[in-house]
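Summary of the model geometry
Residues per chain are reported as follows:
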Amino acid sequence: MGLKAGIVGLPNVGKSTLFNAITNSHVEAANYPFATIKPNAGIVAVKDKRLDFFASVFNPLRKIYSTIEFFDIAGLVKGASKGEGLGNQFLAHIRECDTIVHLVRCFDSKDIIHVEESVDPIRDIEIINLELAMSDLEQCQNRIAKIENKARVSKDKEAIYELNILNICKENLEKGTPIRLIKNLSDDERKFLKVNLHFLTDKPVIYVANVLDTDYGNLENCQYYLKVKEYASNENSEVCPISCEIEYEISQLEENEKQDYFNMLGISESGLDNLIRKTYKLLNLSTFFTVGKDECRAWAFRNGMTAPECAGIIHTDFQKGFIRAEVYSYEDFVEYKSEANLRQAGKIRIEGKDYIAKDGDVFFFRFNV
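Described in the following lines is the structure provided in the data block. (Residues numbered from 1 in each chain as written. Predicted model: local features only at pLDDT ≥ 70, side-chain atom pairs only at ≥ 80, totals over all residues. Heavy atoms only, no water.)

Comments concerning the overall build of the protein chain
In terms of regular secondary structure, the protein chain is built from 13 helices and twelve strands. Its C-alpha atoms give the protein chain a radius of gyration of 23 Å, within 12% of the compact-globule value 21 Å for 369 residues. Each principal axis of the C-alpha atoms in the protein chain carries an extent, and together these give about 65 × 65 × 35 Å. Relative to its full complement of 369 residues, the protein chain shows a buried share of 51%. Restricting the contact set of the protein chain to residue pairs at least 6 apart, pairs at least 24 apart contribute 67%. Of the roughly 18300 Å² of accessible surface on the protein chain, 48% is carried by carbon and sulfur atoms. Of the charged side chains in the protein chain, 46 are positive and 56 negative; the average position of the first set lies 6 Å away from that of the second. (Helix = DSSP H or I, 4+ residues; strand = E, 2+ residues; numbered from the N terminus. Rg over C-alpha atoms; globule rule 2.2 N^0.38 Å. Buried < 20%, exposed > 50% of the residue type's maximum accessible area, 1.4 Å probe, protein only. Contact = heavy atoms within 4.5 Å. Areas by Shrake-Rupley, 256 points an atom, 1.4 Å probe, with all protein chains shown as cover. Lys, Arg positive; Asp, Glu negative; His and termini not counted. Charge placed at Lys NZ, Arg CZ, Asp CG, Glu CD.)

Shown next as structure tokens:
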């Protein structure tokens, strides 16, 4: 399951620095608007200590973490939906993303220009949210124009169904209301939107508060962060505090140096690990594993998926020809130390097509095509 996250925000809020830290790559990070003139994409491994443990036991040829692909586009500005700045040109690159990472500046600095000439995280959030809503409104109006005659003249049932949904979206977008916050859409209507139309404001959002390193271990005294936290809570979104500069420094360290750095900062994990964990939570994701001498691998899946659906993440043929799955849990493996011991203790189960996968399951799929 290829997961994608799009990073949005005003210019000079730290997007390129965050992207550098996430991917440990080096893209331009400059103190002026529109430094990023084309979208950057990078893939980051989702570190998992459980996979590390499996690899320490099996000593495989390959250890493969699940991944998230991040897209960093040019900073959006007020009026982007009307062609201002460069960011609007690249919104198409994040329409296929699973979630939006909305980076917000939560620090004062005389050295870093703010495009709005002052720091106000809530104003900044609302500028971006409005521009995304206006971009969705344009897409919505274009789609309505294409299907309206088919719905009204031909009385096509599918077109009528879609038009009714689009009119609800249009009415709310005109008020600047994100589609994810519309209350009078059914679950089926929401599913239709997600599958067919990929509206930006329909995607779940993580607000990332870019704070100073001095605020990292003392967030309750960072008023900018507390405002973002309250805003996110009011719309049932996630918030994640990060110091982009610190995260970039951490990304340059060796693994054995990182914990000492965390201790010095008074934090238990990196902000990026926290961001990835919250992304999984927001997208309702868990992890299953396939293990062996050739490869130990982690796979992301949506909670509620069946064993055949999980098999399909690996290869569509596995799902089509699914017969059964041999399953055991990570916790049982830690206790019994080997698959032979698990088998002897009766801890390896045979599950069929109706089995609902659980976080930490280890699968061996039997299939026939």
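Let us keep going from here.
Remarks on the sheet that holds strand β7 (residues 238-242)
Strand pairing in a sheet relies on backbone hydrogen bonds. The paired strands run either parallel or antiparallel. The sheet built from six strands is open, its strands ordered β2-β4-β1-β5-β6-β7 with mixed pairing. Since the sheet does not close on itself, it has two edges, and those belong to β2 (40-45) and β7, each with one partner. Ignoring strand direction, the axes of neighbouring strands in this sheet form an average angle of 25°. Bridging between strand β1 (residues 3-8) and strand β5 (residues 99-105) involves four bridges; their strand directions are parallel. Pairing of alanine 5 across the sheet is with threonine 99, part of β5. Along the sheet, helix α3 (residues 121-152) makes contact with β1, β5 and β6 (205-210), crossing β5 at roughly 145°. Sitting on the sheet, helix α6 (residues 223-234) is in contact with β5, β6 and β7, with an inclination near 160° to β7. (Pairing = 2+ DSSP bridges. Axes fitted to C-alpha atoms, helices over the stretch in contact; angles between N-to-C directions.)

Description of the packing of helix α7 (residues 244-251) against helix α8 (residues 255-265)
Across the interface, α7 lies against α8 with an axial gap of 10 Å and an inter-helix angle of 155°. Classified by the angle their axes make, α7 and α8 are roughly antiparallel. Note on packing geometry: the crossing formed by α7 with α8 is right-handed. Side by side, α7 and α8 meet where Ile246, Glu249 and Ile250 of the first sit next to Lys258, Tyr261, Phe262 and Leu265 of the second. Partitioned by chemical class, the residues of the contact of α7 with α8 number five nonpolar, no polar and two charged. (Parallel < 35°, antiparallel > 145°, perpendicular 65-115°, else oblique. Left-handed = near helix turned anticlockwise from the far one by under 90°. Nonpolar A, V, L, I, M, F, W, Y, C, P; charged D, E, K, R; others polar.)

A look at the pairing of β7
Burial within β7 is extensive, with five of its five residues counted as buried. Along β7, one buried face is formed by Glu238, Cys240 and Ile242 and the opposite face, lined by Val239 and Pro241, is buried too. By the bridge criterion, five bridges tie β6 to β7 in an arrangement that is parallel. For tyrosine 207, the partnering residue across the bridge sits in β7 and is valine 239. Crossover connection from β6 via α6 to parallel β7: handedness right-handed. (Right-handed = clockwise from strand over helix to strand, strands pointing away.)

Comments concerning the pattern of salt bridges
Close approach of charged atoms lets side chains of opposite charge pair. In the structure shown here, the tally under the stated rule is 19 salt bridges. The residue arginine 62 makes a salt bridge to glutamate 295 at a minimum N-O spacing of 3.2 Å. Here arginine 62, found in strand β3 (residues 62-64), pairs with glutamate 295, found in strand β9 (residues 295-302); they are 233 residues apart in sequence, far enough to count as distant. Of the residues examined, arginine 62 reaches a relative accessible area of 41% and is grouped as partly exposed. The closest approach of N and O atoms between lysine 170 and glutamate 174, which form a salt bridge, is 2.9 Å. We classify lysine 170 as partly exposed; its relative accessible area is 25%. Judged by relative accessible area, glutamate 174 falls into the partly exposed class, the value being 45%. (Salt bridge = Lys/Arg side-chain N within 4 Å of Asp/Glu carboxyl O.)

As for the layout of surface pockets
Its boundaries defined by the atoms lining it, the largest pocket holds a volume of some 1100 Å³. Forming the boundary of the largest pocket are 37 residues, of which Val46, Lys47, Asp48, Ser270 and Asp273 lie nearest the centre. At the level of secondary structure, the elements contributing two or more residues to the lining of the largest pocket comprise α1 (15-23), β2, α2 (49-58), α7, α8, α9 (271-282) and β8 (285-290). Ranked by the residues each element gives to the lining of the largest pocket, the list is headed by α9, at five residues. Taken together, the residues of the lining of the largest pocket sort by class into 16 nonpolar, nine polar and twelve charged. Empty space within the second largest pocket amounts to approximately 740 Å³. Lining the second largest pocket are 23 residues, and of these Asp98, Lys194, Asp202, Pro204 and Leu283 sit closest to its centre. Looking at which element gives the most residues to the lining of the second largest pocket, the answer is helix α5 (residues 187-196), with four residues. Here the residues of the lining of the second largest pocket are counted per class, giving eight nonpolar, six polar and nine charged. (1 Å grid on protein atoms, 1.4 Å probe; cavity = no way out; pocket = protein on both sides within 12 Å on 5 of 7 lines; lining within 4 Å. Points joined across faces, edges and corners; volume = space filled by probe spheres on them.)

Here's the deal with the nonpolar core
Ile68, Phe70, Ile94, Tyr207 and Ile242 are the most contacted members of the largest nonpolar core, which has 60 residues in total. One finds Ala133, Ile165, Ile179 and Leu193 within the second-largest nonpolar core, a separate group that totals 20 residues. (Core = buried A, V, L, I, M, F, W, Y, C linked by side-chain atoms within 4.5 Å.)

Considering the side chain of glutamate 326
Residue placement: glutamate 326 occurs in strand β10 (residues 322-329). Judged by relative accessible area, glutamate 326 falls into the buried class, the value being 13%. For glutamate 326, the side chain forms a polar contact with the side chain of arginine 366, separated by 3.3 Å. Ignoring any residue separated from it by four or fewer positions in sequence, one finds glutamate 326 in contact with Arg343, Ile348, Arg349, Ile350, Val362, Phe363, Phe364 and Arg366. (Polar contact = N/O pair within 3.5 Å; in protein donor to acceptor, adjacent residues only side chain to side chain.)

Note that all results are geometric; they support no functional claim without further evidence.
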